Amino acid sequence: MPIQPTSNIWHNGKLIPWEQANIHVMSHVIHYGSSVFEGIRCYKQPHGSAVFRLPEHMQRLLDSAKIYRMDMPFTLEELCAAAVDVIEANGVTPCYIRPIALRGCGEIGVSPKGTPVEVYIANFPWGKYIPGHGGADVCISSWNRLAPNTLPSLAKAGANYMNSQLIHMEAEINGYQEGIALDVNGLVSEGSGENIFVVRNGLLYTPPLANSALSGITRDSVLTIARHLGFAVTEQALPRELLYIADEVFFTGTAAEVSPIRSIDRIVVGDGKPGEITTKIADEFFGIANGLKPDRFGWLTPVKVNASEPVTV
Ligand SMILES: Cc1ncc(COP(=O)(O)O)c(C=O)c1O
């Protein structure tokens, strides 16, 4: 889906017009992939709108920057306030929020010394990410996820998404909606932009972060919801073939939300329909995000958006 521009983008403490949020071609980030970013959703609710787990996303942005020794010129509180400001100024809800910190224009060597850190926050409408009603048809990628001690998986860094692009493009070209990557040892890691959960014999599993998975905020939300609903859930290494004999498999992510998987490598998951545990977890997740169930875990940050016409996506 092409980006739908809004009016303003937050840049280093000020709102600037969307079309002026440009960077120079000689910026460090263009040549060396030196950026860290976030993806956050703001949901429309019966009485207003609210951002889902805003502080947790901004903390991960700060953590990603720390891993890359990027001095962030803004605190957690300032970043959260900035996201609220840009959403309220643009009046677009529901929306996706994209904060990014990048190394700008200064020096051309690989060393980032002497390059300024620029922080931007944009928001825009964005609908369902994983297409397909009743579940996605996905494949195991021939590309592995990042090996430990190469590019750090816990940093949500722009450079990691070259790997994600390989996984996703291969899947798409072969007629699948998404690819699942194994880690360097052949164990299940994650989708190109999603964490993964598996249900077998009533138990819920997800790979641990040590299998080169991003510490997804939705993953954490699903772990919390699953425990709250009384499901047994384990973070443990998963062999590829467990996916083929699973009763239910689903992706989680800010873009993907909770998305059931219907088949993997053309092998039907369970009976080919979203399973009972997936459905219960998805109902709770969307219920909280959309303000239809109590915000029992304190995940929502309200925003005041006076959009005369709610944007539907
Ligand atoms: C590679 C990867 N894994 C997992 C996720 C899910 O993370 P989150 O739930 O925080 O969006 C994402 C999306 O951000 C991702 O890009």
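Read on for an overview of the structure. Everything numeric here is computed off the predicted structure, so don't read it as measured data.

Mapping lysine 304 onto the fold places it in the segment after strand S17 (300–303). On a C-alpha basis, the gap between lysine 304 and isoleucine 87 in space is 8.4 Å, while along the polypeptide they are 217 residues apart.

Take the pairing of strand S15 (residues 257–264) next. A regular strand places its side chains on the two faces of the sheet in alternate fashion. Extensive coverage of S15 is indicated by the burial of 6 of its 8 residues. When strand S8 (residues 136–140) meets S15, the two strands line up parallel, connected through 3 bridges. Bridge pairing links aspartate 137 to serine 263 in S15. Pairing of strand S14 (residues 248–253) with S15, which is carried by 4 bridges, proceeds in the antiparallel orientation. Considered in S15, the bridge of glycine 253 is made with glutamate 257. Pairing of S15 with strand S16 (residues 267–268) involves 2 bridges; the strand directions are antiparallel. From the neighbouring strand, isoleucine 264 faces S16, where its bridge partner is isoleucine 267. The turn linking S15 back onto S16 is made up of 2 residues, and aspartate 265 within it adopts a positive phi angle of 55°.

Thresholds, definitions, all that
- Residues numbered from 1 in each chain as written.
- Predicted model: local features only at pLDDT ≥ 70, side-chain atom pairs only at ≥ 80, totals over all residues.
- Heavy atoms only, no water.
- Helix = DSSP H or I, 4+ residues; strand = E, 2+ residues; numbered from the N terminus.
- Buried < 20%, exposed > 50% of the residue type's maximum accessible area, 1.4 Å probe, protein only.
- Pairing = 2+ DSSP bridges.

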